[in-house]
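Summary of structural features
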Amino acid sequence: MKTPVVITGVGTISALGHNVDQFWRAICNGESGIRTLTCLPLESLRVKIGAEVPAYEPYEFFSKDELHLLDRFSQFAVISAREAVADAGIMAEELTDAACIIGTGCGGRVADDESYQRLYQQGKTRGHPLTVPLVMANAAASQVSIHLGITGPVFVIASACSSSAHAVGQATAMIRSGLVDVAIAGGTDAPFTYGTLKPWEALRVMSSDTCRPFSKDRSGMVLGEGAGAVVLESLEHAKKRGAHIYAELAGCGMSADAGHITDPSSAGAARAIRAALNDASINPGDVDYVNAHGTGTKVNDVMETQALHQVFGEHAARLMVSGTKSMHGHPLGAAGALELVATALALKNGIIPPTANFTEAGEGCDLDYVPNQAREKKIKTALSNSFAFGGLNAVLAVRSIS
Amino acid sequence: MRQDIENSVIKFIAKQKNLNPSDITSESTLDELGVTSLEAITIVYDIEEKFDVEVPDDILDKLDTVQDIVDGVAGLISENG
């Protein structure tokens, strides 16, 4: 019998706003946070849109002293973790021995970009001493531990777009094993720098229109930024302190395609989905809703639909499947965490997030994608899919607590 | 020149520690000012950029007071000159 693990706190900062209330309200309204970028000059960029955190003023969240050691991706991680912890109503002393596992796809790109500009463009001969502590991939996890006083196991997981789903899976495993009772898990990314966007353009997977997962006229993914975090704890620990429970984190399934570095495989995705169902002891026929990876690229959306058919057979036709990246964009290492929060809130509130910007179903996309309008429906069991470049897949299974 | 160096060193320390420059004298020690090692190397970076000198690693460990830094930088500048 596995130790039941539950979600007791959620936090987000994203294109849909600075907190979970704003995030969920936008999702229920099918509002997209994809807009023209404002945080960098656009003249030499082919793709000028993104899912940027709106009206973000770092000084509203941090003091000057704190900020010079926080790259944008670390700021987002701390903001989302603080909200999740406040939401969980957990005391500082209960966090001391907790774990903190934070995913990131690309680390501190802002300081990285500034450093390269100084060295290559301005011809300076010295690097800045704060560059390394700002850009290192573990900076976000470390800063969350520093800001929240977490002294237990703390580390970063980097598996591109699956980073935060892997982080949640890892944290769940650590609670089940008895290593910790409480964990903060999530992910963060802030990829809007010139040096990051140009190579993404070169991959030719980016839409310059908007993100329309599973639609016939979909034109690619839209990069986003932000962070998501959840507080996970053993059911026993949560009950003992009378915590409010969103849902059970019932299982996590992981797989690697071991195929191509960028072309995803439906067999690999299906293996991760099956593994999550097995881990959670869920029958495929009991799944109500899937928060899809749904990037809006030609390749992903067909591959993901095929994987769902492979796993669910006839039941696939009864599944509700939505791509919330149509609203919060694709914030890489934060995506899995934001989507887990959306999935947990769908269970708690009985509202299924829509796929925004949906026009008509694309070829090979033949499921119920909950087009454009959120749907009121009580559900008990849901999955959240994350499939990364590099063929690394992580699927989280969430179940309502009866 | 020496005064210029001292003013700059004090300005960089004040910026790093969020202090008023008038609270820092040439006798102040970095310990008293609560300068951590990461802050110290950031202050040294600012000085290097301003005066175009290279402060060797072995000098860093010997810096105790503001005066030590001023003396060290003045020495490096005269070597360069």
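Each residue is numbered by its place in its chain's sequence as written, counting from 1. Note on labels: chains are lettered from A, ligands numbered from 1, in written order. Reporting of local features is limited, given that this is a predicted model, to residues whose pLDDT is at least 70; pairs of side-chain atoms are given and counted only at 80 or more, and all residues count toward the totals for whole chains, interfaces and linings.

**Regarding unusual backbone geometry**
Residue and element names in this part refer to chain A.
- A positive phi angle is found at Arg204, which is not glycine, with a value near 55 degrees.
- To qualify as a helix, a DSSP run of H or I must reach at least 4 residues; to qualify as a strand, a run of E must reach at least 2; elements of each kind are numbered from the N terminus. As for its position among the elements, Arg204 is in the loop between α9 (194-202) and β7 (226-234).
- Even without a glycine there, the phi angle at Ser281 is positive, about 50 degrees.
- Note that Ser281 resides in the loop between α11 (266-280) and β9 (289-291).

**Considerations on the sheet that holds strand β4 (residues 99-104) of chain A**
Residue and element names in this part refer to chain A.
- What makes two strands pair is DSSP finding at least two bridges between them. Taken in spatial order, the 10 strands line up as β5-β4-β6-β7-β1-β8-β14-β13-β9-β10 in an open sheet, and their pairing is mixed. Each edge of the open sheet carries a strand with a single partner, namely β5 (154-157) and β10 (320-322). Recorded for the sheet is a direction-independent mean angle of 25 degrees between the axes of neighbouring strands.
- Two strands pair when backbone bridges link them, and strand β13 (residues 381-388) and strand β14 (residues 392-399) are joined in this way by 8 bridges, in the antiparallel orientation. Along β14, the bridge assignment pairs Thr381 with Arg399. Only C-alpha atoms enter the line fits that serve as axes; for helices the fit covers just the stretch in contact. Angles between N-to-C directions range over 0 to 180 degrees.

**Here's the deal with the domain arrangement of chain A**
Residue and element names in this part refer to chain A.
- Here the limits of each domain have been adopted from an automatic or database domain assignment. For chain A, the assigned domains are domain 1 (5-240) and domain 2 (251-399).
- The C-alpha-based centres of domain 1 and domain 2 are spaced at 21 Å.
- Residues are scored as being in contact if the C-beta atoms we place from backbone atoms lie within 7 Å. At the interface, 60 residues of domain 1 touch 57 residues of domain 2.
- Looking at the side of domain 1 that touches domain 2, the elements that each hand over two or more residues are β1 (5-13), α1 (20-28), β4, α8 (163-176), β6 (182-189) and β7.

**Topic: the environment of A:Gly89**
Residues and elements named next belong to chain A.
- With respect to the helices and strands, Gly89 occurs in the loop between α3 (72-88) and α4 (92-95).
- Exposure classification rests on a simple neighbour count of other C-beta atoms within 10 Å of a residue's own: a residue reaching 20 or more is buried, one at 12 or fewer is exposed, and one in between is partly exposed. C-beta atoms are placed from the backbone. According to the C-beta neighbour criterion, Gly89 is partly exposed, with 14 such atoms within 10 Å.
- In the structure, Gly89 is positioned 312 residues away from Ile401 in sequence and 19 Å away in space, judged by C-alpha atoms.

**Looking at the pairing of β14(A)**
All names here are of chain A.
- Most of β14 sits inside the fold, with 8 of its 8 residues counted as buried.
- Burial of β14 is two-sided: the residues Leu392, Ala394, Leu396 and Val398 facing one way and the residues Asn393, Val395, Ala397 and Arg399 facing the other way are all buried.
- Two strands pair when backbone bridges link them, and strand β8 (residues 247-256) and β14 are joined in this way by 8 bridges, in the antiparallel orientation. Opposite Met254, over in β14, you have Ala394 as the bridge partner.
- The loop that links β13 with its antiparallel partner β14 comprises 3 residues; one of these, Gly390, has a positive phi angle of about 95 degrees.

**Some words on helix α2 (residues 37-51) of chain B**
Residues and elements named next belong to chain B.
- The first and last C-alpha atoms of α2 sit 21 Å apart over 15 residues, in line with the 21 Å expected at 1.5 Å per residue.
- Residues of α2 that are buried in the fold lie against α1 (2-17), α3 (57-60) and α4 (66-80).
- Looking one or two residues beyond α2, the residue adopting positive phi is Asp52, at roughly 50 degrees. Every helix has an expected span of 1.5 Å times one less than the residues it contains.

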